[in-house]
Amino acid sequence: MRAAFISHSDCGAHDTGWGHPEHVGRLRAITRALRQDPEFFHKIEHLEGRHASVEELELAHDPDYIRAVRHVIEQGGGRLDADTVTSRGSWDAATAGAGCVLSAVDLSVSGVHPRSFSAVRPPGHHAVYDRAMGFCLFGNVAIAAHYARQKHGLQRILIVDWDVHHGNGTQALVQSEPEIHFVSMHQWPWYPGTGAADDRGPHGSVWNIPMPAGLPRDKYVAALERGIDAATNGFVPELILVSAGFDSLAGDPLGGFTLETEDFESLTRSLVARAESWCGGRLVSALEGGYAPDRLAEASLRHLAALGA
Ligand SMILES: [Zn+2]
């Protein structure tokens, strides 16, 4: 089955400056790596996503916050928090980032492309209801989860977040809905400081897996697999969403995990097998972190290959 590679040219319009770790060169590195392997390039379906509407952003965010973000950007951009900067192109980028994942959900549920990887920026998993945080403006994956329920009538959704940082925003935006199960493995202690193992959310639908830095890589893989097992014990998801942060790779400047690119291939294969047995293979993955561009690109290609190139 051909996996879809979804992106949008507007994601490059979010200009954070080259000194910022979350710069446009991250996406360019992925595109370059794809073009350097023509055989692989032609095995996957390349699609442009769409922009999310304001109403769709409101599935997870405060309307006043959305207006405030738009206003700052229309004034030329500026800092939304200590780490999160915007430029004049950031509104189009952020709505494209969220919109690509919504396109991916549509393609998945319709059966046209059950599996995809959306290479988007800005990332989303730190953004909370009424605040930008940690390079993130809108919760791309959390919005997609609510969208899948509302637009497509799905009920049970599993979100797996393997970014090295806790997906605090995703947790905050989905934990009131007991039929969205959220699994996050992250470095501990580390930014943003949330994600303790005993933080299970108000309905027990959150599985946080805090892990120390520098362990042998198989420990991380095994811990995440156990977390997914726990989150799906007696719970059969109708869609799997992945917050694919590749800053959990060894050598990432913003993390201390030791994963290698082949670990993302094997983790992805495992999730694909689960998706095949649970929900017709429906697996929608979206880029989060990953700040060593060449490593990010290699891991993204391994991830895509495992999704079904
Ligand atoms: Zn991260």
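Keep in mind that this is a model prediction, so the values were computed, not measured.

K.L.:
Looking at this structure, I do not really get the coordination of the zinc ion. What am I missing?
P.N.:
Metal coordination angles have textbook ideals: 109.5 degrees for a tetrahedral set of four donors and 90 or 180 degrees for an octahedral set of six. Here the zinc ion is held by Asp 163 (OD), Asp 163 (OD), His 165 (ND1) and Asp 247 (OD), and the distances to it run 2.0 to 2.7 Å. In this structure, the zinc ion is coordinated by four donor atoms arranged in irregular fashion, with angles at the metal of 53 to 152 degrees. Positions of the donor residues of the zinc ion along the chain correspond to the pattern D-x1-H-x81-D. Placement of His 165 in the loop between β4 (157-161) and α7 (168-174) and of Asp 247 in the loop between β7 (239-244) and α9 (261-279) is noted, with a sequence separation of 82 residues between them. For the pair formed by His 165 and Asp 247, the shared burial category is buried.

K.L.:
Just checking my understanding: could you explain helix α10 (residues 293-308) for this structure?
P.N.:
One turn of an α-helix holds 3.6 residues; hence residues three or four places apart share an orientation. Here α10 contains 16 residues, and its C-alpha end-to-end distance of 23 Å stays within 8% of the 22 Å for a straight helix at 1.5 Å per residue. Listing the buried residues of α10 in full gives Leu 296, Ala 297, Ala 299, Ser 300, Leu 301, His 303, Leu 304, Ala 306, Leu 307 and Gly 308.

K.L.:
What am I meant to see in the sheet that holds strand β6 (residues 206-211) here?
P.N.:
Hydrogen bonding along the main chain pairs the strands of a sheet, whether they run parallel or antiparallel. Pairing is parallel in the open sheet, where eight strands are placed in the order β2-β1-β3-β8-β7-β4-β5-β6. A single partner strand is all that each edge strand has here, and the edge strands are β2 (45-48) and β6. Across the sheet, the mean angle separating the axes of adjacent strands is 15 degrees when strand polarity is ignored. Of the strand pairs in this sheet, β4 and strand β5 (residues 180-187) are connected by five bridges, and their pairing is parallel. Its bridge partner lying in β5, Ile 157 is registered against Ile 180. Packing against the sheet, α9 makes contact with β3 (115-118), β4, β7 and β8 (283-287), and its axis sits at approximately 160 degrees to β7. Contacts from α10 reach β1 (4-7), β3, β7 and β8, with the element oriented near 165 degrees to β3.

K.L.:
Would you take a moment to explain the environment of Asp 229 for this structure?
P.N.:
Checked against the element boundaries, Asp 229 lands in helix α8 (residues 217-231). The spacing of Asp 229 and Ser 248 is 19 residues in sequence and 20 Å in space, taken between C-alpha atoms.

K.L.:
How do you make sense of the pairing of β6 when you look at a structure like this?
P.N.:
Looking along a regular strand, one sees the side chains alternate between the two faces of the sheet. Most of β6 is tucked away: five of the six residues are buried. Looking at chain direction, β5 and β6 are connected through six bridges and run parallel. Its bridge partner lying in β6, His 186 is registered against Pro 210.

K.L.:
For this particular structure, what's the right way to read the state of the cysteines?
P.N.:
By definition, a disulfide links the sulfur atoms of two cysteine residues through a covalent bond. Within the structure shown, the criterion is met by zero disulfides. Free cysteine Cys 11: the closest other cysteine sulfur is in Cys 100, separated by 5.1 Å. On the accessibility criterion, Cys 11 (0% relative accessible area) is buried. Its relative accessible area of 0% is what places Cys 100 among the buried residues.

K.L.:
Looking at this structure, I do not really get the pattern of salt bridges. What am I missing?
P.N.:
Where side chains of opposite charge bring their charged atoms close, a pairing between them can arise. Going through the model one piece at a time under the given rule, you end up with 19 salt bridges. For the salt bridge of Arg 115 with Glu 276, the shortest nitrogen-to-oxygen distance reads 3.0 Å. Highlighted residues: Arg 115 in strand β3 and Glu 276 in helix α9, separated in sequence by 161 residues. Among the residues examined, Glu 276 registers a relative accessible area of 41% and is labelled partly exposed. Here Glu 265 and Arg 269 are joined by a salt bridge, their closest N and O atoms 2.8 Å apart. Here Arg 269 and Glu 265 lie together in helix α9, a separation of four residues that amounts to about one turn. Here Arg 269 falls in the partly exposed class, since its relative accessible area comes to 43%.

K.L.:
Honestly, the side chain of Ser 300 in this entry has me stumped. Any pointers?
P.N.:
In this structure, Ser 300 sits in helix α10. Polar contacts involving the side chain of Ser 300 include one to the main-chain carbonyl oxygen of Leu 296, which spans 2.8 Å. Once residues lying within four places of it in the same chain are set aside, the contact partners of Ser 300 are Ile 30, Phe 117 and Phe 246.

K.L.:
Looking at this model, I keep getting lost on the packing of helix α5 (residues 90-110) against helix α6 (residues 140-152). Mind explaining?
P.N.:
The relative placement of two packed helices comes down to the angle between their axes together with the axis-to-axis distance. Following both chains from N to C, one finds α5 and α6 inclined at 40 degrees, their axes separated by 9 Å at the closest point. Relative to α6, the element α5 lies oblique. Crossing handedness for the pair α5 and α6: right-handed. Of the residues in α6, those touching α5 at Ala 94, Gly 97, Ala 98, Val 101, Leu 102, Val 105, Asp 106 and Val 109 are Asn 140, Ile 143, Ala 144, Tyr 147, Ala 148, Lys 151 and His 152.

K.L.:
Is there a simple way to think about the nonpolar core in this case?
P.N.:
A general trend in soluble globular proteins is that nonpolar side chains are found buried together. Phe 138, Leu 241 and Phe 246 are the most contacted members of the largest nonpolar core, which totals 91 residues. Among the elements that make up this core, the one with the highest residue count is α5 (ten residues). Apart from residues no more than four positions distant in its own chain, Phe 246 is found in contact with Phe 117, Trp 162, Asp 252, Phe 264, Leu 287, Gly 289, Gly 290, Leu 296, Ala 299, Ser 300 and His 303.

Conventions and cut-offs
- Residues numbered from 1 in each chain as written.
- Predicted model: local features only at pLDDT ≥ 70, side-chain atom pairs only at ≥ 80, totals over all residues.
- Heavy atoms only, no water.
- Donors = N, O, S within 2.8 Å, 3.2 Å for Na, K, Ca; no water.
- Tetrahedral: all angles 85-135°; square planar, octahedral: opposite > 155°, others 65-115°.
- Helix = DSSP H or I, 4+ residues; strand = E, 2+ residues; numbered from the N terminus.
- Buried < 20%, exposed > 50% of the residue type's maximum accessible area, 1.4 Å probe, protein only.
- Expected span 1.5 Å × (residues − 1).
- Pairing = 2+ DSSP bridges.
- Axes fitted to C-alpha atoms, helices over the stretch in contact; angles between N-to-C directions.
- Contact = heavy atoms within 4.5 Å.
- Disulfide = S-S within 2.5 Å.
- Salt bridge = Lys/Arg side-chain N within 4 Å of Asp/Glu carboxyl O.
- Polar contact = N/O pair within 3.5 Å; in protein donor to acceptor, adjacent residues only side chain to side chain.
- Parallel < 35°, antiparallel > 145°, perpendicular 65-115°, else oblique.
- Left-handed = near helix turned anticlockwise from the far one by under 90°.
- Core = buried A, V, L, I, M, F, W, Y, C linked by side-chain atoms within 4.5 Å.

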